[in-house]
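# A look at the structure
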Amino acid sequence: MKRLLWIGCLSYFLIGLAHVVLGSVLPVLLEHYGREYSEGGTLIFTQFAGFLAGVLVSPILNKRFGKRGGLLIAVGLLCVAELAYMLLPPWEWLYPIATCAGFGFGMIEAVIGTIIIAAITEKTAVAMSRLEVFFGVGAMVMPLIASGLITQGWWRFSFLVISLFSLVTFLFWSKSSFGQVDDVLKKPAGTRGEATQDSEVRKPFPYPGKSLWLLLLFILFFFIYVGTEMSLANFMPAILIEKFGMKEAGAALSVTCFWIAMSVGRIFAGVIAERIHYRVYVLSSCVVTLILLAIFPMTRGVGSAFIVILLLGLFMSGIFSIALVFASKMLAGSEESTPSVLIASGGVGGALIPLFIGWSMDHLQVNQTSWMLALFTLLMVLISFAAFQIQRKQGIRQEQRTVQAGS
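Cut-offs used in this document
- Residues numbered from 1 in each chain as written.
- Predicted model: local features only at pLDDT ≥ 70, side-chain atom pairs only at ≥ 80, totals over all residues.
- Heavy atoms only, no water.
- Helix = DSSP H or I, 4+ residues; strand = E, 2+ residues; numbered from the N terminus.
- Buried < 20%, exposed > 50% of the residue type's maximum accessible area, 1.4 Å probe, protein only.
- Areas by Shrake-Rupley, 256 points an atom, 1.4 Å probe, with all protein chains shown as cover.
- Axes fitted to C-alpha atoms, helices over the stretch in contact; angles between N-to-C directions.
- Parallel < 35°, antiparallel > 145°, perpendicular 65-115°, else oblique.
- Left-handed = near helix turned anticlockwise from the far one by under 90°.
- Contact = heavy atoms within 4.5 Å.
- Nonpolar A, V, L, I, M, F, W, Y, C, P; charged D, E, K, R; others polar.
- Phe/Tyr/Trp six-rings, centres within 6.5 Å; stacked < 30°, edge-to-face > 60°.
- Lys NZ or Arg CZ within 6 Å of the ring centre and 35° of its normal.
- Salt bridge = Lys/Arg side-chain N within 4 Å of Asp/Glu carboxyl O.
- Lys, Arg positive; Asp, Glu negative; His and termini not counted.
- 1 Å grid on protein atoms, 1.4 Å probe; cavity = no way out; pocket = protein on both sides within 12 Å on 5 of 7 lines; lining within 4 Å.
- Points joined across faces, edges and corners; volume = space filled by probe spheres on them.
- Expected span 1.5 Å × (residues − 1).
- Arc of directions from axis to C-beta.
- Core = buried A, V, L, I, M, F, W, Y, C linked by side-chain atoms within 4.5 Å.
- pLDDT = per-residue confidence, 0-100.

Of regular secondary structure, the chain possesses 13 helices and zero strands. Looking at the chain residue by residue over its 407 residues, the buried ones come to 52%. Carbon and sulfur atoms make up 67% of the accessible area of the chain, which totals about 18700 Å².

What follows is the structure, encoded as structure tokens:
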């Protein structure tokens, strides 16, 4: 099981690299092709569309080829796409390449999450938070690698770095043995060989009755959370420049501080969540995040603003991974589809909410934009409180049934 987790961490490190490489080299890429930033934005959005497709299609490919087969397809596709990026083909070819790259790392993220949640039944939150740590490390390391290569005029080899990591990951997944988990990885999902006493007769739709409403709540939660996180990561420097008149280099450090705090927080998030319960962790993290985002517009100095940013990184660090485990546990029996659906909804939020925040930066005052982020977080608090109450009532009913059965 440790081998499975560490190869999963390598895979998340890979998708952390892949998520940010295009943005890291975008200025020199556009200069090479003689294109405008609007066309670069279209290219990034195309990669996002591929990511969304990869997340949504992953359950279908898992059913056809098994989880290991699906992963090998995704990692292989990412490897080839990044290699194609490095060759600098005609600009028009970059759009299908971006789609393939996004599809690859989107599917990897969805499948790994599904495997870990299904295979590691004890301390699942610890395992998921460890994956998120490696994702954050990859997202921090890639800009540093790209910066060094750009300085030397070798920026195109940034894509080769990811292609090589993809090749290593492909070899690990194809050659490694994981004991009892091997059967689960090899067999196509939904085959008779996988049937258990509880799932001999599977319903075609895994969210009957009230489960559908609970799923919709979590979809909205992930949409808002990822959109808020991406807005902070993308617009924090601009907010600091507008608010305090900082220089660009100093303001850019805010994103570095945010991701460092996120990575450190993820080291401890799983352990804390296991001790205080998932629902308590998610609700309390959302409440503290709301308080910090409400304080931020009232900060009067750069130092206090950076303290708030560091605390935001710490308290937001585990929300995504712990909420993913929390939702999968509450929607028992739908582990094959729930992670993919929620990751996809987060991806949509990560694309749409930053567009709205960008509009507000152009048309509203900077503090009004900050208050909008706090308003989004308020919705997260309300949703997490509703989920908290639902699971608490489920626990009470379960205890009553246990007592009745014992008597």
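Quick look at the packing of helix 11 (residues 319-330) against helix 12 (residues 338-363) now. In the contact formed by helix 11 and helix 12, the axes pass within 10 Å of each other and the chain directions differ by 140°. It follows from the interaxial angle that helix 11 and helix 12 lie oblique. The interaxial crossing formed by helix 11 with helix 12 has right-handed handedness. Residues Phe320, Leu324, Ala327 and Ser328 of helix 11 lie in contact with helix 12, whose contacting residues are Thr338, Pro339, Leu342 and Ile343. Its residues placed into classes, the contact of helix 11 with helix 12 shows six nonpolar, two polar and no charged.

Summed over the entire model, instances satisfying the criterion amount to 13 aromatic pairs. Both rings, one in Trp6 and one in Phe134, keep their centres 5.7 Å apart while their planes meet at 85°; by these two values the pair is edge-to-face. Here Trp6, found in helix 1 (residues 2-33), pairs with Phe134, found in helix 4 (residues 124-151); they are 128 residues apart in sequence, far enough to count as distant. Classification of Trp6 as partly exposed rests on a relative accessible area of 46%. On the basis of relative accessibility, which here comes to 26%, the residue Phe134 falls in the partly exposed class. Positioned above the aromatic ring of Phe65, the side-chain terminus of Arg64 is 5.1 Å from the ring centre.

The next point concerns the side chain of Ser345. With respect to the helices and strands, the residue Ser345 is situated in helix 12. Ser345 sits in the buried class, given a relative accessible area of 8%. Apart from the residues lying within four places of it in its own chain, the contact partners of Ser345 are Ile219, Phe222 and Phe223.

Here we take up the pattern of salt bridges. Under the criterion given, the structure shown has three salt bridges. Glu39 is the partner of Arg35 in a salt bridge, and the nearest nitrogen-oxygen pair spans 2.9 Å. Judged by its relative accessible area of 22%, Glu39 falls in the partly exposed class. Between Arg35 and Glu92 there is a salt bridge; the shortest N-O distance is 3.6 Å. On the criterion of sequence distance, the pair formed by Arg35 in the loop between helix 1 and helix 2 (37-86) and Glu92 in helix 3 (residues 91-119) is long-range, its members being 57 residues apart. Linked by salt bridges that have partners in common, Arg35, Glu39 and Glu92 make up one network.

Further remarks concern unusual backbone geometry. Working note: non-glycine residues mostly have negative phi, and peptide bonds are mostly trans. Positive phi, normally seen in glycine, also occurs at Leu88, with a value near 50°. Assignment of secondary structure puts Leu88 in the loop between helix 2 and helix 3. Even without being a glycine, His277 presents a positive backbone phi close to 90°. With respect to the element layout, His277 can be found in the loop between helix 8 (248-276) and helix 9 (278-295). The exposure class of His277 is partly exposed, given its relative accessible area of 32%.

A few words now on the side chain of Glu109. You can see Glu109 is positioned in helix 3. This buried residue, Glu109, is left without a salt bridge; Arg266 holds the nearest opposite charge, at 8.7 Å.

For the rest of this paragraph, the subject is empty space enclosed by the protein. In total, this model carries one cavity of 30 Å³ or more according to the counting rule given. Around the largest cavity sit Phe218, Phe221, Val282, Ala323, Phe326, Ile383, Ser384 and Ala387, which together line it. Listed by contribution, the elements that provide at least two residues to the lining of the largest cavity are helix 7 (210-244), helix 11 and helix 13 (366-406). A total of three residues in the lining of the largest cavity trace back to one element, the largest contributor, which is helix 13. A per-class count over the lining of the largest cavity returns seven nonpolar, one polar and no charged.

Further remarks concern helix 10 (residues 302-316). Relative to the 21 Å expected for 15 residues at 1.5 Å per residue, helix 10 spans 21 Å between its end C-alpha atoms, a close match to the ideal helical length. Residues of helix 10 that are buried: Ala305, Phe306, Val308, Ile309, Leu312, Gly313 and Met316. Along the axis of helix 10, the buried residues cluster in a sector spanning 155°; they form a single face.

If you look at the biggest cluster of nonpolar residues, it comprises 123 residues, and the most contacted ones within it are Ile108, Ile116, Phe218, Phe221, Tyr225 and Leu240. A total of 18 residues in this core trace back to one element, the largest contributor, which is helix 1. When sequence neighbours within four positions are dropped, the list of residues in contact with Phe218 reads Ala323, Phe326, Ala327, Met330, Leu342 and Ala387.

Before going further, it helps to spend a moment on the confidence of the model for the chain. Per-residue confidence for the chain averages 82 on the pLDDT scale, and 86% of its residues sit at or above 70. Looking across the chain, the model is least confident in helix 6 (residues 181-186), with a mean pLDDT of 63, and most confident in helix 9, with 94. Confidence drops under a pLDDT of 50 for residues 191-203, and excluding neighbours within four residues, the segment shows eight contacts in the predicted structure.

The space that makes up the largest pocket amounts to roughly 2100 Å³. Considering the residues around the largest pocket, the lining is formed by 48 residues, among which His19, Val20, Gly23, Met230 and Asn234 are closest to the centre. The class makeup of the residues in the lining of the largest pocket is 32 nonpolar, twelve polar and four charged.

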